[in-house]
Amino acid sequence: MTPAPNAARPDSVLDLDRVTRRYGSLTAVDEVSLRLSAGARHAVIGPNGAGKTTLLNLIAGTDRPDHGTIALNGTDVTRASTAKRSRLGIARSFQQPSVIAELTVLDNIVLAGWAHHPKRRGAWRSRSRYRLHTESAGHHLETVGLADLAHRPASTLSHGQRRMLDLAAALAGDPRLLLLDEPAAGLTDGDIGRLLAILGALPASVAVVLVEHHVEVVAQVATSVTVLAAGRVLVTGPTGEALAHPEVRDAYQNTAPDLVTGSTEARG
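This write-up is about the structure you can find in this document. (Residues numbered from 1 in each chain as written. Predicted model: local features only at pLDDT ≥ 70, side-chain atom pairs only at ≥ 80, totals over all residues. Heavy atoms only, no water.)

**A look at the overall build of the chain**
Assigned secondary structure in the chain consists of 10 helices and 10 strands. For the chain, the proportion of its 268 residues judged to be buried stands at 49%. Pairs at least 24 apart in sequence give 65% of the contacts found in the chain among residues at least 6 apart. Per element, the accessible surface of the chain, about 12,500 Å² overall, is 50% carbon and sulfur. (Helix = DSSP H or I, 4+ residues; strand = E, 2+ residues; numbered from the N terminus. Buried < 20%, exposed > 50% of the residue type's maximum accessible area, 1.4 Å probe, protein only. Contact = heavy atoms within 4.5 Å. Areas by Shrake-Rupley, 256 points an atom, 1.4 Å probe, with all protein chains shown as cover.)

As structure tokens, this is what we get:
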């Protein structure tokens, strides 16, 4: 179940080939390879310090690998900037919701989608062009259940609402690859239900890489899973098989198989 080294393929959304990142004597990500096609729903799980967020940083471009290559839609982006990767279709949410507190909820999404909008030039100075941006932003706010709060300052939102705003901002660029870093952290059961509904309604063309500690969320969202331990791939494969693997079961104190069984039965 361990992945073989990849060569970039144009029919893949994401190709990681033996990607490694070191910080001094610490190897945070160690020879990780992964290939995802359009519409993939893939989770990366593991204990704290396993290298999950570092892996997302490498994909998004906020960090650079010491070794290995990263390709998006067949294009090598190993040394590309975060801005270029964003233009090529990578979007991301963060462990701590990244919102601009001084702006309204609506303008947070307008700003997030601005660089991707076909009529972005002069949008803040032209009322007609700004209206095009706000219409698109309003659609994303409806998707995450924040349309009624559009004109409130983002600083007034609850933690759960900020998480939904962060997700809407990631969706505003119409990504091909959506990176989600613990989107369910700190959410209520109701908020998690909304999150699952949003992810379930994403277009089939959008690939998702989900880092998440809630194994029940992973079981409902992901069709495949990579388990990291000390920066290395422990297991990768279909969700049920990966979570039921003996080494993964030990890592999660024998809870993962029960969660997977329950989630599978719940989905029919």
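Next comes the rest of the account.
**Remarks on helix α3 (residues 105-114)**
Every α-helix carries 3.6 residues per turn, so stepping three or four residues along brings you back to the same face. Within α3, seven of the 10 residues are buried, which leaves it mostly tucked inside the rest of the structure. Of the residues making up α3, those classed as buried are V105, L106, D107, N108, I109, V110 and G113.

**Here we look at empty space enclosed by the protein**
To find the voids left in a structure, one rolls a probe of water-molecule size over its atoms. Per the stated rule, a full pass over the model turns up one cavity of 30 Å³ or more. The calculated volume of the largest cavity comes to roughly 70 Å³. What lines the largest cavity is simply S93, F94, R163, M164, D166, L167, L180, P183 and L195. Top contributing element to the lining of the largest cavity by residue count: helix α5 (residues 159-171), with four residues. Here the lining of the largest cavity is composed, by residue class, of six nonpolar, one polar and two charged. (1 Å grid on protein atoms, 1.4 Å probe; cavity = no way out; pocket = protein on both sides within 12 Å on 5 of 7 lines; lining within 4 Å. Points joined across faces, edges and corners; volume = space filled by probe spheres on them. Nonpolar A, V, L, I, M, F, W, Y, C, P; charged D, E, K, R; others polar.)

**What to know about the layout of surface pockets**
Roughly 200 Å³ of internal volume is contained in the second largest pocket. H139, H140, T143, L171, D174, P175, I198, A201, L202, P203 and V206 together form the lining of the second largest pocket. It is helix α4 (residues 127-144) that provides the largest number of residues to the lining of the second largest pocket, a total of three residues. Taken together, the residues of the lining of the second largest pocket sort by class into seven nonpolar, three polar and one charged.

**Observations concerning the environment of E182**
Within the secondary structure, E182 sits in the loop between β7 (177-181) and α6 (189-200). For the pair E182 and S93, spaced 89 residues apart in sequence, the C-alpha to C-alpha distance is 8.5 Å.

**As for helix α1 (residues 52-60)**
Of all nine residues that make up α1, eight are buried, and the element is covered over most of its length. Following α1 by one or two positions, G61 has its phi on the positive side, about 100°.

**Concerning the nonpolar core**
L141, L165, L178 and V225 are the most contacted members of the largest nonpolar core, which has 46 residues in total. In terms of residues, this core owes the most to one element, α5, which gives six residues. Those residues in contact with L178, other than ones at most four positions away along the chain, are A91, L167, A170, L171, L202, V206, A207, V208 and V209. (Core = buried A, V, L, I, M, F, W, Y, C linked by side-chain atoms within 4.5 Å.)

**Structural notes on the sheet that holds strand β9 (residues 224-229)**
Taken together, the six strands give an open sheet; going across it, the order is β6-β7-β8-β3-β9-β10, and neighbouring strands pair in mixed fashion. In the strand order of this sheet, the two ends are held by β6 (90-93) and β10 (232-238), each with one partner. Taking each pair of neighbouring strands and ignoring which way they run, the sheet shows an average axis angle of 15°. In the sheet, strand β3 (residues 41-45) pairs with β9 via four bridges, with the strands oriented parallel. The residue bridging V44 from the neighbouring strand is T226, located in β9. Docked against the sheet, α1 engages β3, β6, β7, β8 (207-211) and β9, running at close to 150° with respect to β7. (Pairing = 2+ DSSP bridges. Axes fitted to C-alpha atoms, helices over the stretch in contact; angles between N-to-C directions.)

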